[in-house]
Every structure is written in structure tokens, then in C-alpha cells.
Amino acid sequence: MRLLLVEDNRELADWLGKTLRQANYVVDIVHDGEDVEHALAAGNHALVILDLALPRMGGLEVLRMLRTRGNRVPVIVLTANASLDGRVKGLNEGADDYLPKPFQIEELEARIRVQLRRANDRTAPVVACGDLVFDTNTRLFSLGGETLALTPREHAVLEQLMIKAGRTVSKAALSAAIYDFETDADPSAIEIYVHRVRKKLEGSRVQITTLRGLGYLLRHDDLAP
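The rules behind these values
Residues numbered from 1 in each chain as written. Predicted model: local features only at pLDDT ≥ 70, side-chain atom pairs only at ≥ 80, totals over all residues. Heavy atoms only, no water. UniProt positions renumbered as here; feature names shortened; annotations may be inferred. Helix = DSSP H or I, 4+ residues; strand = E, 2+ residues; numbered from the N terminus. Buried < 20%, exposed > 50% of the residue type's maximum accessible area, 1.4 Å probe, protein only. Expected span 1.5 Å × (residues − 1). Contact = heavy atoms within 4.5 Å. Axes fitted to C-alpha atoms, helices over the stretch in contact; angles between N-to-C directions. Parallel < 35°, antiparallel > 145°, perpendicular 65-115°, else oblique. Nonpolar A, V, L, I, M, F, W, Y, C, P; charged D, E, K, R; others polar. Pairing = 2+ DSSP bridges.

In the annotation of an unreviewed UniProt entry, the entry for the chain reads Response regulator, and the organism field reads Mesorhizobium salmacidum.

Caption draft 1: Broad picture of the UniProt feature "DNA-binding region" (unreviewed entry) in the chain. Residues annotated in UniProt with the feature "DNA-binding region" (unreviewed entry) correspond here to residues 124–220. Regarding residues 124–220, the helix share stands at 34% and the strand share at 29%, and the terminal C-alpha atoms are separated by 19 Å.

Caption draft 2: Inspection of unusual backbone geometry at higher detail. Here the residue pair Lys101 and Pro102 is connected by a cis peptide bond, since its omega of -5° sits within 30 degrees of zero. By the element assignment, Pro102 lies in the loop between β5 (97–100) and α5 (105–119). The phi torsion at Arg56 lies on the positive side, around 70°, for a residue other than glycine. Its location among the elements puts Arg56 in the loop between β3 (47–51) and α3 (59–68). Judged by relative accessible area, Arg56 falls into the exposed class, the value being 59%. A positive phi angle is found at Arg139, which is not glycine, with a value near 60°. Checked against the element boundaries, Arg139 lands in the loop between β7 (132–135) and β8 (140–143).

Caption draft 3: Structural detail: α5. In this model α5 runs 21 Å from its N-terminal to its C-terminal C-alpha over 15 residues, within 8% of the 21 Å that 1.5 Å per residue would give. All of the buried residues in α5 are Ile105, Leu108, Glu109, Ile112, Arg113, Gln115, Leu116 and Arg117. Contact partners of the buried residues in α5: β1 (2–6), α1 (10–22), β3, β4 (75–79) and β5.

Caption draft 4: Region of interest: the environment of Leu52. Locating Leu52 in the fold gives a position in the loop between β3 and α3. The spatial distance from the C-alpha of Leu52 to the C-alpha of Thr183 is 27 Å, given a sequence separation of 131 residues. Residues contacting Leu52, with those up to four places away along its chain left out, are Gly58, Gly59, Leu60, Val77, Leu78, Thr79 and Tyr98.

Caption draft 5: Structural context of the packing of helix α6 (residues 152–163) against helix α8 (residues 189–201). Remark: α6 packs on α8, axes separated minimally by 9 Å, with the N-to-C direction vectors making an angle of 80°. As summarised for this structure, α6 and α8 are arranged roughly perpendicular, according to the angle between their axes. Here Arg153, Glu154, Val157 and Leu158 of α6 come into contact with α8, specifically with Tyr193, Val194, Arg196, Val197 and Lys200. In the contact of α6 with α8, the residues fall into five nonpolar, no polar and four charged.

Caption draft 6: Inspection of the sheet that holds β1 at higher detail. A sheet is described by the order of its strands in space; here five strands give the open sequence β2-β1-β3-β4-β5, paired in parallel fashion. What marks the edges here is a single partner per strand, and that holds for β2 (26–30) and β5. Neighbour-to-neighbour, the strand axes of the sheet open up by a mean angle of 20°, direction not taken into account. Across the face of the sheet, α1 comes into contact with β1, β2, β3 and β4 while running at roughly 170° to β2.

The structure is reproduced here in C-alpha cells:
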């Protein structure tokens, strides 16, 4: 799952980015409000974490711009302004959640999970496809009750397929979801990651089907061994 972090404090941004990547998120970081629109256009971001005190274009202005242009990406606002008026103003401008600084990273991660579930029309923290289970709280996959060991890229690929189980996910969509701005995206490598994940699903009732020219489909096959 790819996130966009907008924070002008570079030390805080680097720490948050590192921590969220350790939780198996793909994270892009920008430090300027004017870079947000370009960043969102260049990547397939599932959620924005937005500081309000930004240079050139403030966070509230960024929010107003996104919502005015019909961009519905979930936005969690981070700010040192914890006043009631400030929170209400941010929510009225289109923020989905509001977290005052300083905060505990565990609370931010919990709020991220809630927003991602809402964005995907899910209320339960556990997603299942046959005997494959994804716990969005721990961000761990299990297969037949056993934890499934995955590399970060394999995790990102399987998460995208799992969230859209039963629907086709294009190679381009997978590529946009797993590569951040600092990585040279290689769409052909998607085939390698999908192949590796397939190998790890062998023996289960879950299959990744290739639809030539369209993409990949994760499905539960009752006829599988």
C-alpha cells in the first residue's frame, strides 16, 4: 500500500518514512505543499499524511485544492495546532482524520489502517480469500494458519491483489503501487514478484491467474487441490 507523506520537517519525515516502510508500506515523501498535486498524479497513493505548516502552499490550501478538483484520496492531517477551531477547520476543508503533534506512531498506524479499510469499503480488520488471510492490524499474511514469509515487494504485490480479490489488477497498477519515487520502476519485474508469490501459494486453494493483456486476478478456487 503506497502512502504520500507531506512534511516539511525533514528529520521527522525521514523517521516517519522509515517507520512506515518497516510496517510494509511504500512511502513517498515531499516537503512542499506545491509538490503534492504532482506527486499524486505520478503515483497510485492510497492515502496522504499531511502536515499543515508547509512552505509555499499550506496544508489547508492543499486540502482545498484536492477536494475542489474531486480528488477523494483519504487525508490524515498532522499538526501542532491542536485547538478545537483548528481541528474543525481542517475537517471542514476535507480532512478525513486529524492527529495533533506530538503523537505516538502506534496511533498514527491505527488511524491509517482505519482510513484504508474505509476507502476499500471494509469494516473488519481481517481480509480472507480461501485459506489466505491478511490481518491489516499486524499487516501479516497467513496461509492455512501459518505466517506467510514475504519480501517487502512480494508483500506489496499480494496486498494489492488481496484487497481487490476477484477483480483484475493491471501490471501498471501493481507497478504504481509498489515502487516509490526513489526507485527506478521496472514493470517487467512485476512478473518475477508474481511468480515468487505464486510459488509461496502452492498447495493452497488460492490462485493468481494471469489474464493476458489485462493483468492478474487473485481468486479462491474450490476445485484446487
